[in-house]
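Breakdown of the fold
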Amino acid sequence: MNTNKFLLAAAIALALPAYQALAQEKSDKKDTPEYVFTTVKENPISSIKNQYRSGTCWSYSGIGFVESEIMRIKGYKDVDLSEMFIVRNSYHDRAVKYVRLDGDLRFGPGSSCQDVLAVIKEEGIVPESVYSGMNYGTELPEQSEMDAVLAAYVKAVASNPNRTLSTAWLRGFDGILDAYLGEVPQTFDVDGTQYTPETYRDYLGINPDDYVSITSFTHHPYYSQFVLEVGDNWRWDRFYNVPLDEMMQVIYNAIDKGYTIAWASDVSEKGFTRDGIGTVKEAPKKAAGSDQERWVGKSEEKPQETVSAEEPEITAEMRQDGYDRKTTTDDHGMQIFGLAKDQNGNDFFMVKNSWGETGKYDGIWYVSDNFVKFKTMNILVHKDAVPKDIKKKLGIK
C-alpha cells in the first residue's frame, strides 16, 4: 500500500466511529416519538400577542384573561384591549408607592396579573386601537430604555434631595410615560359610541370584584388569605391558600365549565421548551435577550421536542422547597385555556403565551399536569369557576 492510500485508510478508520455515533444519534432522534395531542376542552381566547423585549407578561396574560372573560360574557368572537394602558397606570401607582416607602419597594416592569384588575377597577380600560403604547419608534415593545429611565427618576426622587418633595415630581414621571407610551385619551369612540375608560369597562361587563387569586403553599394556613411574598406583588395583594389537590381542582373545574385562568409560573425550566412543551425536568441557566430568550434560550439552543420519560409525582413539600430555596420563582405570566391528552393519555393544559406566533404550536404551549402542580405561583379565576365546596371553605360568596 502506497503512502497516500495508507493515510486515506487511516483517516477513514479514525472518522468511522464518530460518523457511526452521529448516524446512531440521528437515528435515535428520528425513532423517538413526538407528542401527539388530542384536545379535550378548549375555551375561547383572543389572538396571540407578542410582548417582545418588555417585562410585561403579567399585563399580556391578565388582559388575555380579561378578553376571554368578555368573549364568554358578551359572546364576542375576539376582543383586543390595550396592555400598555394597564402598564402605564400601573407604573404611575407604583411610583407613588415607591416614593412613599423611600425606595424600599421593587421598582421595574414586572408585576402580577392581579395588577390588571386593580387598574381596570380604578381607571377602566381602553381598546388597543385607542392606545397601543407604541410611541417610541419600534413596531414591537422594546422598553428597556424606558424602564431604566423611570427607575432612575424615582430613585432620585425617593432620595429626597430637597428634604421636602416638590409638587412637580409626579407630573414629571407621568411626562416620561407620555413620551414613551403616549397620552391616555379621556374619551374615545367605539362603533359610533363615545366612552371614557370607566364607561367602556362597564359596557364590557367586567367587574373586578368577581375574581379571586389562589395559590398553594404550606408556610401559611390553608383556607386563609396571605400576601404572597414575591417582589412583583408590589400592591401586596392577598391570595387564598388551598391544598395542592384543591388548587388543581379549581383549574380543572374552570376549564370544564368554560372559564380560563390567568397563570403565574416559573418557566426557567429545561422542560419548558421553545417549541411549545412544558414538562418537569432539570432547570437550565437563564439567558438574556427577548423575554422568550431570557427563559428558554435562542432558537438554535432549542431542545428537540420528544415524549419524555414519566414525570415524578409532585407533592406540596416539593413545591414549598422550590419556593423557599428560590428554585421556583415568579418568572412569567400566561393564560391556561384548555385541556388536552397526549398519546399516552397524560393530561396537558393548553396555554396561551405572549411571545408571538412562535414554536410548533404558533404561540400555544402544552404544559403537563405535573408542571402546573410544581411550578404554579398562583392563579386568577372567576369566583364562579371555583367548586362550591372549596368556595365554602374559603368564605367566597
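This text goes with the structure placed above it.
Attention in this report is confined to the structure presented alongside it. Being a predicted model, the structure only gives us computed values, none of them experimental.

**A word on the packing of aromatic side chains**
Counted by the stated rule, this structure contains 24 aromatic pairs. Between tyrosine 252 and phenylalanine 349 the ring centres are 4.9 Å apart and the planes differ by 55°, which places this aromatic pair in the tilted class. With tyrosine 252 in helix H8 (residues 244–256) and phenylalanine 349 in strand S10 (residues 347–352), this pair connects stretches of sequence that are 97 residues apart. Using a relative accessible area of 24% as the deciding quantity, one classes tyrosine 252 as partly exposed. Ring geometry for phenylalanine 272 and phenylalanine 371: centres 5.8 Å apart, planes at 40°, overall tilted. With phenylalanine 272 in the loop between strand S7 (261–265) and strand S8 (277–278) and phenylalanine 371 in helix H11 (residues 369–375), this residue pair connects regions lying 99 residues apart in the sequence. Residue phenylalanine 272 shares its accessibility class with phenylalanine 371, and that shared class is buried. Linked through ring pairs, Tyr35, Phe37, Phe348, Tyr361 and Tyr366 together constitute an aromatic cluster. Above the face of the phenylalanine 217 ring, arginine 319 is positioned so that its terminal group lies 4.6 Å from the ring centre.

**Describing helix H3 (residues 83–100)**
Taking 1.5 Å per residue, 18 residues should reach 26 Å; H3 reaches 26 Å between its end C-alpha atoms and fits that length. The element H3 is extensively covered by neighbouring structure, given that 14 of its 18 residues are classed as buried. Two or three places before methionine 84, at the opening of H3, serine 82 has a side-chain oxygen 3.5 Å from that residue's backbone nitrogen. Positive backbone phi, at 55°, marks aspartate 102, one or two positions downstream of H3.

**Concerning helix H10 (residues 316–324)**
Because an α-helix completes one turn every 3.6 residues, residues spaced three or four positions apart along the sequence face the same direction. Within H10 the residues assigned to the buried category are Arg319, Gln320, Gly322 and Tyr323. Looking straight down H10, one finds that the buried residues subtend no more than 160° of arc, so they occupy a single side. Seen from the buried face of H10, the exposed residues on the opposite side, beyond 90 degrees, are Glu317 and Asp324. At its buried positions, H10 is contacted by strand S4 (211–215), H8, H11 and strand S12 (376–382). Of the residues flanking the end of H10, it is lysine 326, one or two places downstream, whose phi is positive at about 65°.

What counts, and at which threshold
Residues numbered from 1 in each chain as written. Predicted model: local features only at pLDDT ≥ 70, side-chain atom pairs only at ≥ 80, totals over all residues. Heavy atoms only, no water. Phe/Tyr/Trp six-rings, centres within 6.5 Å; stacked < 30°, edge-to-face > 60°. Helix = DSSP H or I, 4+ residues; strand = E, 2+ residues; numbered from the N terminus. Buried < 20%, exposed > 50% of the residue type's maximum accessible area, 1.4 Å probe, protein only. Lys NZ or Arg CZ within 6 Å of the ring centre and 35° of its normal. Expected span 1.5 Å × (residues − 1). Polar contact = N/O pair within 3.5 Å; in protein donor to acceptor, adjacent residues only side chain to side chain. Arc of directions from axis to C-beta. Contact = heavy atoms within 4.5 Å.

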